[in-house]
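What the coordinates show
Spelled out, the chains give:
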Amino acid sequence: MRVGIPKEIKNNENRVGMTPAGVFELVKNNHQVFVQENAGKQSGFTDTNYRDAGAVICKTISEVYASSEMIVKVKEPIEEEYGLINEQHTVFTYFHFASSEILTKRMIKSNAVCIAYETVENPDGTLPLLTPMSEVAGRMAIQQGAKYLEKPIKGRGVLLGGVPGVPPGKVLVLGAGVVGVQAAKMAAGLGAHVTIMDIDMQRLRYVNDVMPNHVVTEFSSEYNIRQRIQNHDLIVGGVLIKGAKAPKLITREMLKEMRPGTVIVDVAVDQGGCIETTKPTTHEDPTYIIDDVVHYCVANMPGAVPYTSTLALTNVTLPYVLKLANNGWEKACQMDRCLSKGLNIVKGKVVYEEIIEAFNWNVDAI
């Protein structure tokens with residue numbers, strides 16, 4: 001199969017869809033790989049690295065798409081790429097369709113096969129291709145939150161770990177999934193007092209067992225959230241409903257209950273965010289302030305640490321890429337039920353129910 005690795009063109013997206021090691025495995029399996037010039041530069045991989053692994057280097061993104069049957073990316077296609085995608089393509093990437101009706105309609109129109117990393121699902125319900133980026137984003141949420149708590153950036157002026165004689169900062173984590181657990185782990189490591197909330201008691205029991213004593217668990221309800229936001233310095237939104245929009249756990253009106261300089265990091269922004277006032281931002285312009293509350297809502301947080309992120313992503317995507325390349329998408333999805341859960345749009349038809357529900361579409365009209 002002909003596999004294409006384009007350069008990501010979303011704002012400050014520095015990751016690349018595959019490492020040279022991944023390309024080497026594809027070439028070893030008799031596939032052709034077309035990599036756009038400088039696609040891996042920001043992740044620390046040179047064109048020479050890719051050539052040595054057996055890739056063909058293409059000058060332009062249009063050349064990559066025209067040469068390839070399968071496109072392996074990191075982020076969802078943006079407007080400049082819509083016209084490059086057609087019925088010859090299987091596109092394998094993070095799509096997050098539920099957060100963009102325009103993207104969804106354009107991919108329907110393209111007649112391509114769209115397989116979303118974030119909905120590939122193991123039998124136990126875990127999401128193997130979302131997990132490593134959630135781990136990165138969860139850890140980064142605390143790094144970024146700690147920075148934006150600084151007074152020059154309009155934060156409360158709180159050091160999360162405190163110092164002797166001064167209490168540590170307080171971190172509220174909404175969601176005890178991968179993002180939430182990683183955020184709690186990082187915050188606890190800095191010495192902050194952490195409260196982690198979820199509606200899944202099994203997850204809360206797990207967190208209670210594995211975390212130190214200064215990480216406390218609490219059942220998530222509107223009443224409990226309203227109580228905690230009044231005295232917590234950093235709030236991390238880590239809620240995920242696979243393939244669907246995130247629920248709004250904090251409303252605009254609730255911001256008034258927070259202290260000026262409180263920081264919100266909404267990692268759920270890719271799925272619409274779990275804070276009503278969330279709107280996607282970029283690494284170039286990452287924050288905005290509403291009611292004296294600092295919002296950090298960068299939609300591609302792991303893109304800021306592309307070397308780590310690209311390695312972590314290829315580690316988990318490569319087995320699926322090889323399966324798709326070796327067998328074609330239809331046979332690969334028949335062979336692997338986990339991979340078949342990643343099918344979101346197939347030749348102009350939405351096949352993932354949560355997308356239809358997100359936009360309240362009439363299924364017969366699609």
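Whatever comes next refers back to the structure up there.
A brief structural summary. Predicted model, so just to flag it, every value in this text is computed and none were measured.

**So, the overall build of the protein chain**
Check the secondary structure of the protein chain and you find 12 helices and 15 strands. By the compact-globule yardstick of 21 Å for 366 residues, the protein chain fits well, its C-alpha radius of gyration being 21 Å. In terms of overall dimensions, the protein chain has a C-alpha envelope of 65 × 50 × 35 Å along the principal axes. For the protein chain, with 366 residues in total, the buried portion stands at 55%. Partitioning the contacts of the protein chain with sequence separation of at least 6, the portion at a separation of at least 24 is 64%. Between the centroid of the 37 positive side chains of the protein chain and the centroid of its 40 negative side chains there is a distance of 2 Å.

**Overview of unusual backbone geometry**
The backbone phi angle of H96 is positive, close to 50°, even though this residue is not glycine. Looking at the element boundaries, H96 is found in the loop between β5 (90–93) and α5 (101–110). Despite not being glycine, K154 shows a phi value in the positive range, around 75°. The residue K154 is located in the loop between α6 (131–148) and β7 (170–174) in this model.

**Some points on the sheet that holds strand β9 (residues 215–219)**
One open sheet accounts for seven strands, arranged β9-β8-β7-β10-β11-β13-β12; its pairing is mixed. Bordering the open sheet on either side are β9 and β12 (287–290), each of which pairs with just one other strand. Averaged over all adjacent pairs, the angle separating strand axes in this sheet is 20°, with direction ignored. Inspection of the sheet shows strand β10 (residues 234–237) paired to strand β11 (residues 263–266) by four bridges, in the parallel sense. Along β11, the bridge assignment pairs I235 with I264. Here helix α7 (residues 178–190) sits on the sheet and contacts β7, β8 (193–198), β9 and β10; the angle it forms with β8, its principal contact strand, is near 170°. Of the strands in this sheet, β7, β8, β9 and β10 are in contact with helix α9 (residues 222–229), which crosses β8 at around 160°.

**Looking at the pairing of β5**
Of the two faces of β5, the one carrying T90 and F92 and the one carrying V91 and T93 are both buried. As paired strands, strand β4 (residues 70–72) and β5 are joined by three bridges and run parallel to one another. Each residue of the ladder has a partner; that of I71, found in β5, is V91. A crossover connection joins β5 to the parallel strand β6 (residues 113–116) through α5; in handedness this β-α-β unit is right-handed.

Quick notes on the rules
Residues numbered from 1 in each chain as written. Predicted model: local features only at pLDDT ≥ 70, side-chain atom pairs only at ≥ 80, totals over all residues. Heavy atoms only, no water. Helix = DSSP H or I, 4+ residues; strand = E, 2+ residues; numbered from the N terminus. Rg over C-alpha atoms; globule rule 2.2 N^0.38 Å. Buried < 20%, exposed > 50% of the residue type's maximum accessible area, 1.4 Å probe, protein only. Contact = heavy atoms within 4.5 Å. Lys, Arg positive; Asp, Glu negative; His and termini not counted. Charge placed at Lys NZ, Arg CZ, Asp CG, Glu CD. Pairing = 2+ DSSP bridges. Axes fitted to C-alpha atoms, helices over the stretch in contact; angles between N-to-C directions. Right-handed = clockwise from strand over helix to strand, strands pointing away.

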